[in-house]
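# Remarks on the overall topology
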Amino acid sequence: MRAIQQDRYGGPEVLRLTEVPDPEPIPTEVLVRIVAAGVNPIDGKTRSGGGFAPVVGPPPFIPGWDLSGVVAETGYGVTRFRPGDEVYGLAFFPRRAGTYAEYISVPSRQLARKPATVGHVPAAALPLVGLTAWQLVEAADVQPGQRVLIHAAAGGVGHLAVQIAKARGAYVIGTARTERHAFLRELGADETVDYTTIRFEDAVDQVDVVVDLVGGDTRVRSLDLLGRGGLLIPVPRGEPDPTGPAARRGIRVLPIIVEPDHVGLAGLAAMVDAGALRVSVTATRPLAEAADVHRAMEAGGAVGKTVLVVDPALAG
């Protein structure tokens, strides 16, 4: 099969189109013919030797965790799918997966049926960012009327967290540049703040939950908006660690890393099919141009996701 592989850590230039053996499903696994593969910032960090490179292991490996495609074969014991079913999922995260390829063999319970109302391209953009948003809102146990502040609300995870928190009845505040405020309002945000022109802590009243998708100084300053019993969810790993200062103020800190979850995937698909959730796809590129996609992603500035089209005939 065709696949994008890297044989060393480095910049986007290490991503090369090559031929590798087809995978074979073991018991409990499903062989999926990949139609489209989502690209995420963590892909680039891992490619360069950061991110989850220690978990993925040394090159050579095929990058990628997001996929949407068609079941080609099922391993012994699989009961949830049959050949021909359209599925999508987050494969093996954060372990080595390899969705920048024509086929992958993945445990059946890391997949769900693709949303019926959208094609494979938007479905492939959804798993990692969608499950991150789903799981953080679920972990926060967001309730109707609660005030939720989401930093980087127009980004991949943020724009989905806005919609999911809003669907649970929250009052949602999002930080983003002014040119993205109309987009956030369309998604249901109640307030928007341009963090480049005003300190967000000066523009926002006290909230119940802060979702920090930025890190750094933003994480520490967000504590000023939370009262005793408030909750900070820091999604990016790394410094600073807010646990100590938060504990002294009676604020809870709940770090999250997304996990494969077929129940969450089914919930996301149901929201998409009900018209309550949409994922923003900025661009599509053919599989062979994965290196260019990584270059563009690392240049920054994009709203939404870029998706690699592996099988144009089925992409729709």
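This paragraph deals with the overall build of the protein chain. Regarding its fold elements, the protein chain presents twelve helices and 15 strands. For the protein chain, the C-alpha radius of gyration of 19 Å lies close to 20 Å, the compact-globule estimate for 316 residues. Projecting the C-alpha coordinates of the protein chain onto the three principal axes gives extents of approximately 55 × 40 × 35 Å. Expressed as a percentage of its 316 residues, the buried residues of the protein chain come to 54%. Within the protein chain, contacts between residues at least 6 apart in sequence are counted, and of these 67% link residues at least 24 apart. When the accessible area of the protein chain is evaluated, it comes to approximately 13200 Å², of which 51% is carbon and sulfur surface. Here the protein chain contributes 31 positively and 35 negatively charged side chains, and the mean placements of these two sets differ by 2 Å.

Here we come to the packing of aromatic side chains. Evaluation of the coordinates by the stated rule reveals two aromatic pairs. Plain terms: the ring middles of Phe52 and Phe93 are 5.2 Å apart, the flat faces sit at 80° to each other, and that makes the pair edge-to-face. Taken as a pair, Phe52 in the loop between helix H1 (41-47) and helix H2 (53-56) and Phe93 in the loop between strand E5 (86-90) and strand E6 (103-107) lie far apart in primary sequence, 41 residues in all. In this pair, the class of Phe52 matches that of Phe93, namely buried. With centroids separated by 4.9 Å and ring planes inclined at 75°, the aromatic side chains of Trp65 and Phe93 adopt a geometry described as edge-to-face. Here Trp65 is found in the loop between H2 and strand E4 (66-74), whereas its partner Phe93 is found in the loop between E5 and E6, with 28 residues between them in sequence. Trp65 sits in the buried class, given a relative accessible area of 3%. A connected cluster of aromatic rings, assembled from ring pairs, spans Phe52, Trp65 and Phe93.

Now for the sheet that holds strand E8 (residues 147-150). The six strands are arranged E10-E9-E8-E11-E12-E13 in an open sheet whose pairing can be described as parallel. Two strands bound the open sheet, and with one partner strand each, they are strand E10 (191-193) and strand E13 (252-253). In this sheet, strand E12 (residues 226-234) lies alongside strand E11 (residues 207-212) in parallel orientation, the contact comprising five bridges. Note on E12: the bridge partner recorded for Val207 is Leu226.

Counting buried positions along strand E9 (residues 171-175) gives four out of five residues, so the element sits mostly inside the fold. Pairing of E8 with E9, which is carried by four bridges, proceeds in the parallel orientation. Along E9, the bridge assignment pairs Ile150 with Gly174. You can see the chain leave E8, run along helix H5 (residues 158-167) and come back into E9, and the turn it takes is right-handed. Judged from the three bridges that link them, E9 and E10 form a sheet pairing that is parallel. The residue bridging Gly174 from the neighbouring strand is Thr192, located in E10. Of the crossover connections in this fold, the one passing from E9 over helix H6 (residues 181-187) to the parallel E10 is right-handed.

Next up on the list: the packing of helix H4 (residues 127-140) against helix H10 (residues 262-273). Between two packed helices, what matters for the description is the angle formed by their axes and the separation of those axes. Axis separation between H4 and H10 bottoms out at 10 Å; the angle between their running directions is 100°. Compared by their axis directions, H4 and H10 come out roughly perpendicular. Within the contact between the two elements, H4 uses Pro127, Gly130, Leu131 and Trp134 and H10 uses Gly264, Leu265, Gly267, Leu268 and Met271. Residues that form the contact of H4 with H10 fall into these classes: six nonpolar, three polar and no charged.

As a further point, take the packing of H4 against H5. At their nearest, the axes of H4 and H5 sit 9 Å apart, and the two run at 40° to each other. Taken together, the axes of H4 and H5 lie oblique to each other. Read as a crossing pair, H4 and H5 show a hand that is right-handed. For the pair H4 and H5, contact is made by Val129, Gly130, Ala133, Trp134 and Val137 and by Leu160, Ala161, Ile164 and Ala165, respectively. Across the contact of H4 with H5, the residue classes tally to eight nonpolar, one polar and no charged.

Conventions adopted
Residues numbered from 1 in each chain as written. Predicted model: local features only at pLDDT ≥ 70, side-chain atom pairs only at ≥ 80, totals over all residues. Heavy atoms only, no water. Helix = DSSP H or I, 4+ residues; strand = E, 2+ residues; numbered from the N terminus. Rg over C-alpha atoms; globule rule 2.2 N^0.38 Å. Buried < 20%, exposed > 50% of the residue type's maximum accessible area, 1.4 Å probe, protein only. Contact = heavy atoms within 4.5 Å. Areas by Shrake-Rupley, 256 points an atom, 1.4 Å probe, with all protein chains shown as cover. Lys, Arg positive; Asp, Glu negative; His and termini not counted. Charge placed at Lys NZ, Arg CZ, Asp CG, Glu CD. Phe/Tyr/Trp six-rings, centres within 6.5 Å; stacked < 30°, edge-to-face > 60°. Pairing = 2+ DSSP bridges. Right-handed = clockwise from strand over helix to strand, strands pointing away. Axes fitted to C-alpha atoms, helices over the stretch in contact; angles between N-to-C directions. Parallel < 35°, antiparallel > 145°, perpendicular 65-115°, else oblique. Nonpolar A, V, L, I, M, F, W, Y, C, P; charged D, E, K, R; others polar. Left-handed = near helix turned anticlockwise from the far one by under 90°.

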